[in-house]
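Structural characterization, general
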Amino acid sequence: MMKRSHNIALPLMLLAGSFFTASSYAADNTDSDVLARGKYIATASDCAACHTNKGSKDFAGGLKIISPVGTIIASNITPSKTAGIGDYTEQQFADAVRKGIRRDGANLYPAMPYTAYSVMTDEDIHALYEYFMHGVTPVDVKAPETALPFPMNIRMSMKAWNLLFLNNQPFTAEQSQSAEWNRGKYLVDGAAHCSTCHTPRGPLMEEEGSKALSGGLVGAWYAPNITSDAESGIGTWSKADLVQYLRSGNLPGKAQAAGSMGEAVEHSFQHLSDADLNAIATYIKTVPAVSTPENKGSRFNQGTPGTTLGKLRGLSQADITAKNLEGLGLFQGNCASCHEPLGEGSKDKYYPSLFNNSVTGAANSNNLIATILNGVNRTTKDGQVFMPGFGDHPNDINNLTNEQVAQLANYVITTYGKTAKPVTPEDVAIVRQGGPVSNLVTLARVGMGVGAAVVVIFLLWLFARRTKKPRA
Ligand code: HEC
Ligand code: HEC
Ligand code: HEC
């Protein structure tokens, strides 16, 4: 009886967040420290982003990660012995998280970001393991099996990909740098996995190390250059700016976090300690500058307040079409109520300014299109910020067509931002296909699925050549 209530009480206390109140269990005090630490690492690593499906129990899996090669389903990682990872030993758990090898020896697809987690220390893995075994409620419902079509269903092919691209080295501290810098690098490379979104990918969908953090596509969104370059990157941001952005998702007059970054801020970064956020900022400020030439001029100071509203006065819809003023009309009808006709946003900055905004000042218009289609919905300790999407409700009269979104985006960038390249309805169609916002966080790594396919095809080709040779 004693034991039973203990088993139930501990997870309950953890759920309530009261880690240090287990005074009646002297022996548990050290355990609770480890569990609290494990929970913190799980949050910093955003395990829930993929392993907790919308509306279902924590870490019960089932989230479908839609990839160009098929759907990869995140596993149930609760300690259930029948449906989850209850039978994993600590070594098997470490191998899954750091090497992408499942308990039965099969390779995981890199939709699970083990390439980043590979740098995690044994101590952190131990705490994570303790948390998942004793701090998470078991859920006895299996997640559906991933069934990729042939040849992507050959998990073995990932061995070849891993040989090429998995860094199997544990984190080694840089002696010439401070402890804070090293802590920052450890978090950025590992748990917080910034590079899985912000680093561009090569032909096999591997991260291009020489261009680390210089910008990458994440499904429909674009994770911009965050190197120390003053024009292309965030070299003009102070450490405090970056800490504020990671904690709240909003840096007035510069940038807001929507899409997968908004989710990462909400579920992970805002919960990090001040010390860890500062460590991340200290390290990020030293990431070698990578200049991306298409970004001439910083994206944070483009544009001025402006309107061509006067042009609309007295015109009929036919005149508006004839004069090519649809973008202006759409802006006044759909956006000006919050962002104001001059685009300056609200005084309290809740509705952001559209000039001096990284989304309208960027060379890449993906984030502007994605914001118009998907909106913004982010909850932090500062409260909720919400902008409705204008693309995702098929029966909603507010929905805009690809043509309209392109007209609107072009109006916004020419009036408030920088026109690098006009937006076409085809561009909008591609972003629209990028899938619902909730999946975007995961799409970052899904690109790697393509890599797997390429490797499989390459291996099959090698194999075919080999088996043909003796006959020739
Ligand atoms: C970006 C999405 C993503 C994140 C973040 C993520 N995982 Fe995963 N994980 C997956 C997917 C997808 C699979 C299944 C892959 C497959 O079937 O090949 C998986 C599989 C696993 C498995 C193997 C379970 C099994 O037996 O099938 C474990 C263990 C695991 N993850 C633990 C973790 C932990 C712990 C974290 C946080 C430190 C984490 N994952 C973060 C996507 C993710
Ligand atoms: C899951 C993908 C993902 C991860 C992980 C991620 N980011 Fe981002 N990040 C994005 C996207 C997408 C944007 C663009 C968001 C927008 O404009 O609304 C972004 C925007 C940013 C910006 C603002 C840049 C600008 O020009 O507006 C900064 C700074 C940033 N991220 C830093 C980081 C750091 C530091 C980490 C790791 C601690 C990180 N990000 C992890 C996807 C990600
Ligand atoms: C109901 C009010 C509302 C309307 C209508 C609205 N917005 Fe927004 N918009 C917001 C809020 C709130 C944010 C998020 C602020 C934040 O992230 O802190 C936002 C953010 C943005 C951003 C920055 C997104 C990012 O990722 O950095 C852009 C660009 C934008 N809106 C453009 C538009 C356009 C174009 C329209 C018209 C189609 C529009 N908005 C309509 C409230 C609104």
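In the block above lies the structure referred to throughout.
In this report, we go over the structure that sits alongside the text. (Residues numbered from 1 in each chain as written. Chains lettered and ligands numbered in written order. Predicted model: local features only at pLDDT ≥ 70, side-chain atom pairs only at ≥ 80, totals over all residues. Heavy atoms only, no water.)

**Let's talk about the pattern of salt bridges**
Counted only if it meets this: Every case where a carboxyl oxygen of Asp or Glu lies within 4 Å of a side-chain nitrogen of Lys or Arg is listed as a salt bridge. Note on classification: 1.4 Å probe, protein chains only; a residue is buried when its accessible area is under 20% of the maximum for its type, exposed when over 50%, partly exposed between these limits.
As enumerated under the stated definition, the model contains 12 salt bridges in all. Between Lys-81 and Asp-87 there is a salt bridge, with its nearest N and O atoms 3.2 Å apart. The exposure class of Asp-87 is partly exposed, given its relative accessible area of 34%. Across the pair Lys-211 and Glu-208 runs a salt bridge whose closest N-O atoms are separated by 3.7 Å. Judged by relative accessible area, which is 23%, Glu-208 ranks as partly exposed. In the salt-bridge network here, residues are joined through shared partners; they are Arg-37, Glu-123 and Asp-124.

**Overview of the coordination of the iron atom of ligand 2**
Selection rule: Here the coordinating atoms are restricted to nitrogen, oxygen and sulfur within 2.8 Å of the metal centre, or 3.2 Å for Na, K and Ca, and because water is not among them the sites may look incomplete. Between 85 and 135 degrees for all angles marks four donors as tetrahedral; over 155 degrees for opposite donors together with 65 to 115 for all other angles marks four donors as square planar and six as octahedral; every other arrangement is irregular. Secondary structure follows DSSP: runs of H or I at least 4 residues long count as helices, runs of E at least 2 residues long count as strands, and numbering of each begins at the N terminus.
Around the iron atom of ligand 2, the protein contributes the donor atoms His-198 (NE2) and Met-261 (SD), which lie 2.0 to 2.3 Å from the metal centre. Note that the iron atom of ligand 2 binds six donor atoms; their angles at the metal cover 85 to 180°, and the shape is octahedral. Separated by 63 residues along the polypeptide, His-198 in helix H9 (residues 195–198) and Met-261 in helix H11 (residues 259–267) bring together distant segments of the chain. We classify His-198 as buried; its relative accessible area is 10%.

**With respect to the nonpolar core**
Applied cut-off: Buried Ala, Val, Leu, Ile, Met, Phe, Trp, Tyr and Cys residues form a nonpolar core when they are joined through side-chain atoms within 4.5 Å. Any two residues whose heavy atoms approach within 4.5 Å at even a single point are treated as in contact.
Grouped together as the largest cluster of nonpolar side chains are 64 residues, with contacts concentrated most on Phe-93, Met-120, Phe-132, Trp-237 and Ile-284. Among the elements that line this core, the one with the most residues is helix H6 (residues 122–134), at seven residues. The contacts of Phe-93, once residues within four sequence positions are left out, are Ile-85, Tyr-88, Ile-125, Leu-128, Tyr-129 and Phe-132. Ranked by size, the runner-up nonpolar core spans 34 residues in total, among them Leu-312, Val-405, Tyr-416 and Val-428.

**Comments concerning the site of ligand 1**
The following threshold applies: It suffices for a single heavy atom of a residue to lie within 4 Å of a molecule or strand for the residue to be listed as near it. Think of a polar contact as two N or O atoms within 3.5 Å of one another; within protein, one of them needs to be a possible hydrogen donor and the other a possible acceptor, and neighboring residues in sequence only count if both atoms come from side chains.
Surrounding ligand 1, one finds 28 residues, the nearest of these being Cys-47, Cys-50, His-51, Tyr-88 and Met-112. The separation between an oxygen atom of ligand 1 and a polar side-chain atom of Tyr-88 is 2.6 Å. Between ligand 1 and the protein, one listed contact pairs an oxygen atom with a backbone N or O atom of Tyr-109 at 2.8 Å. Of all the elements in the fold, those that place two or more residues in the shell around ligand 1 are helix H3 (47–51), strand S2 (70–73), helix H4 (90–99) and H6.

**Brief notes about the coordination of the iron atom of ligand 1**
Around the iron atom of ligand 1, the protein contributes the donor atoms His-51 (NE2) and Met-112 (SD), which lie 2.0 to 2.2 Å from the metal centre. Here the iron atom of ligand 1 is ringed by six donor atoms whose angles at the metal span 87 to 180°, and the overall shape comes out octahedral. In this pair, His-51 sits in helix H3 while Met-112 sits in the loop between H4 and helix H5 (114–117), placing the two residues 61 residues apart along the sequence. A single burial state applies to His-51 and to Met-112, both of which are buried.

**Quick notes on helix H10 (residues 239–248)**
Given 3.6 residues to a turn, an α-helix orients residues that are three or four positions apart in the same direction. Listed in full, the buried residues belonging to H10 are Asp-241, Leu-242, Val-243, Tyr-245, Leu-246 and Ser-248. Where H10 is buried, its residues meet strand S5 (250–251), strand S6 (255–256), H11, helix H12 (274–284) and strand S7 (376–380).

**Regarding the pairing of strand S8 (residues 383–387)**
Which entries qualify depends on this criterion: A pair of strands is labelled paired if DSSP reports no fewer than 2 bridges between them.
For S7 and S8, the ladder comprises five bridges, and the chain directions are antiparallel. Bridge pairing links Val-376 to Met-387 in S8. Taking the residues between adjacent antiparallel strands as the criterion, S7 and S8 are bridged by two residues.

**Focus: the packing of H10 against H12**
Worth spelling out the cut-off: All axes here are fitted lines through C-alpha atoms, helices being fitted over the stretch that makes contact, and every angle between N-to-C directions spans 0 to 180 degrees. Each angle receives one of four descriptions, namely roughly parallel if under 35 degrees, roughly antiparallel if over 145, roughly perpendicular if within 65 to 115, and oblique otherwise. Each crossing gets its handedness from the near helix: less than a right angle anticlockwise from the far helix is left-handed, clockwise is right-handed. Nonpolar residues are Ala, Val, Leu, Ile, Met, Phe, Trp, Tyr, Cys and Pro. Charged residues are Asp, Glu, Lys and Arg, and all others, Gly as well, are polar.
Running from N to C, H10 and H12 point in directions that differ by 125°, and their axes come no closer than 9 Å. Judged on the interaxial angle alone, H12 and H10 are oblique. As H10 packs across H12, the resulting crossing turns out to be right-handed. Judged by residue contacts, Lys-239, Leu-242, Val-243, Leu-246 and Arg-247 of H10 engage Asp-274, Leu-277, Asn-278, Ile-280, Ala-281, Thr-282 and Ile-284 from H12. Its residues assigned to classes, the contact of H10 with H12 comprises seven nonpolar, two polar and three charged.

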